Amino acid sequence: SGLALLAPGPAFGYPMLSLLLASSPSFTARPLPPPRAHCTPDVLMAAVFIDGEAGTTGLQVRGRLSTRDDIDLITLPEESRKDPAARAEAINKADAVILCLPDAAAIEAAALVAADNDRTVLIDASTAHRTNAEWAYGFPELSGAQRSKIAASKRIANPGCYATGFISLLGPLVGAGAVRREARLVTSAVSGYSGGGNPLIAVYEGAEHEPWGAYGFSLSHKHLPEMAAFSGLDRPPIFMPAVGDFAQGMVVSVPLHYDSDLEPAFAEGEGVGPSPAHRPLGHSPPARPRPRSLALAALATSPYRRCPRPRRPRQSAAEPRASRLLAPQVGERLHAALAAHYADEHFVSVMSLGEEAWKEEGLLERGAFLRPDALNDSNHLQIFVYCNDAARTCVVAARLDNLGKGASGAAVQNLNIALGLDERTSLE
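Rules used throughout
Residues numbered from 1 in each chain as written. Predicted model: local features only at pLDDT ≥ 70, side-chain atom pairs only at ≥ 80, totals over all residues. Heavy atoms only, no water. Buried < 20%, exposed > 50% of the residue type's maximum accessible area, 1.4 Å probe, protein only. Helix = DSSP H or I, 4+ residues; strand = E, 2+ residues; numbered from the N terminus. Arc of directions from axis to C-beta. Contact = heavy atoms within 4.5 Å. Phe/Tyr/Trp six-rings, centres within 6.5 Å; stacked < 30°, edge-to-face > 60°. Pairing = 2+ DSSP bridges. Axes fitted to C-alpha atoms, helices over the stretch in contact; angles between N-to-C directions. Salt bridge = Lys/Arg side-chain N within 4 Å of Asp/Glu carboxyl O.

Draft legend 1. Molecular detail of helix 4 (residues 144-152). Regarding helix 4, the residues found buried are Gln146, Arg147 and Ile150. Burial along helix 4 is one-sided: seen end-on, the buried residues are contained in an arc of 100°. Of the exposed residues in helix 4, those oriented more than 90 degrees away from the buried face are Gly144 and Ala152. Buried positions along helix 4 lie against strand 5 (136-137), strand 6 (155-157) and helix 13 (404-418).

Structure follows, in C-alpha cells:
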C-alpha cells in the first residue's frame, strides 16, 4: 500500500480491525453489462492460497473469497504461516496465489514456485514486481490489450493505490493525444490511515494523534516508477501524499495547465489523435480507422457539447496569443476523452463535468465537499473533471477505496480474469 512508508514492517500477524465507514448515498453502480466472452461459468473450484492473509489486504481478500463456491481457500495453521516449506507446498498446490506481503517477502515467495510448475498464477500485491516486464500490470482498464495480457499471464502485479488513481487519469489522456508525454506534472493525494497497515491503524485508533499529515518529503515515493511506466509520461510526477483521520478512502488530484501540459493541437482545438510515442504501455494501435480523435468522437454525442460555431480563419503565430481562437471547450474535450476510454467499463466511471453538475447529482457533501470515503468497501473508481477554460486550467481527480480498487478489490478482479471468470464476481 502507498502508506507503507509511514509504518514499515510486516503487515501480518495482527487481529482484524473494523475499517467500515458509511458510504455516500449518492453512489450508484452502473448496470451490469453481460459477462465477457471469455467467462466460463462451469469452471470447477479453483484452489487459492493467500500468502499473508492476516495483514490488512490479506484479510480483505479472504473476506471477498471466503463465501464463494468456486474457490477452495488453502489455509495454513498459524504456526506454519512463516514456514518456507509449508508455504512452498501451499503455493505449488494452488491454482492461484495472492501475495499480501512486504516487497522482500513477496520476492522470496515468488521464488518458491517450483521450476516445473507452469500452472500456478501469482498475483503480487506488493511493489516488488510492478515495473517488471515479465509481470502483467494488473490494471485491466488501462486498455483492452491490458485485460487480455492479464488473462494470459501467470504473473500479475497488483497496482498501488495512489498509482491506480494517477494512471486512471493520465493514461487515457496521454493515450488520446491530450496531455503531452513530456508534461511536468504535480499530483496530490489524501488516503485513509488503513493504507499504512496495522501499525498505523493502531496509532489512529488508539492514542492521541494528528488529524492530518503530509509525508513523502524525499520525493521518492515507491509508487512513482509505476506512475511513469503506465501513464505514458516520460517521467514521474512530483507527488505529495497525505494521510487523514479516516480509515478508508482516497482522492488523487492532478492539475493541468493547457499551455504547458496539453498537446498544442489539443489545447487549440485541433483534436489530433495519439501518436505511437504517446500511448501508455499496454495500449495497442487501433485495428481500424477512427475519427480525428477519441475525444472528438465521444464529444459528438456528449450531452456537454456546445452548439457548433462557425470556424474562424486560422490566425498567424505572430499575432498575440490572447487574440487567437483558444478552444473554450478544452475542458469538455478532456472530459470526453476520459468518458470515451471508460465507456464500456463497469468499475471505472467518469462523473458529469464540473461542480454545478455534481451539486445537482448530490455528489458533494453539503453541496461543497468531495468525500474520499464514498466508495468504501467497493471496487469502484470515480473520475471527476473540473476546469476553468478562461484561466486555461483544469483538474482531474480520482476517488477510490484504497483497500478496494487500490488493493484487495483489484487483486480479486485480477484473480477472476486470470481464472477466466466474470471479473465482477464477489465484487458487488
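Draft legend 2. Quick peek at the packing of aromatic side chains. For the coordinates displayed, the defined rule picks out five aromatic pairs. With 5.0 Å between their ring centres and 5° between their planes, tyrosine 193 and tyrosine 204 make a pair best called stacked. Of this pair, tyrosine 193 sits in the loop between strand 7 (186-192) and helix 6 (197-204) while tyrosine 204 sits in helix 6, and the two are 11 residues apart along the sequence. The two residues tyrosine 193 and tyrosine 204 agree in class, both being buried.

Draft legend 3. Broad picture of unusual backbone geometry. Although it is not a glycine, leucine 219 adopts a positive phi angle of roughly 55°. By the secondary structure assignment, leucine 219 is in the loop between strand 8 (212-214) and helix 7 (224-231). Overall, leucine 219 belongs to the exposed group, its relative accessible area being 51%. In this model, aspartate 377 sits at a positive phi of 65°, which is unusual for a non-glycine residue. Structurally, the position occupied by aspartate 377 is in the loop between helix 12 (355-360) and strand 12 (381-388).

Draft legend 4. Quick look at the sheet that holds strand 11 (residues 348-350). With respect to topology, seven strands assemble into an open sheet ordered 8-9-7-10-13-12-11, the strand pairing being mixed. Edge positions in the open sheet fall to strand 8 and strand 11, since each of these has one partner strand only. Neighbour to neighbour, the strand axes of the sheet diverge by 20° on average, direction disregarded. Sheet topology places strand 12 next to strand 13 (residues 393-400); eight bridges connect them, and they run antiparallel. Following the sheet pairing, asparagine 388 is matched in strand 13 by threonine 393. Sitting on the sheet, helix 5 (residues 161-175) touches strand 7, strand 9 (238-244), strand 10 (250-257), strand 12 and strand 13, and the angle it makes with strand 10 is about 35°.

Draft legend 5. Up close: the pattern of salt bridges. Under the definition given, this model contains 18 salt bridges. The partner of arginine 147 in a salt bridge is glutamate 345, and the shortest N-O contact between them spans 2.9 Å. Here glutamate 345 lies in the loop between helix 11 (330-341) and strand 11 and arginine 147 lies in helix 4, a separation of 198 residues in the sequence. Both residues of the pair, arginine 147 and glutamate 345, count as buried. Residue aspartate 234 pairs with arginine 184 through a salt bridge whose shortest N-O separation is 3.0 Å. A residue pair is termed long-range when its members are at least 10 positions apart, and aspartate 234 in the loop between helix 7 and strand 9 and arginine 184 in the loop between helix 5 and strand 7 qualify at 50 residues. Under the relative-accessibility criterion, aspartate 234 is labelled partly exposed at 31%. On the accessibility criterion, arginine 184 (43% relative accessible area) is partly exposed.

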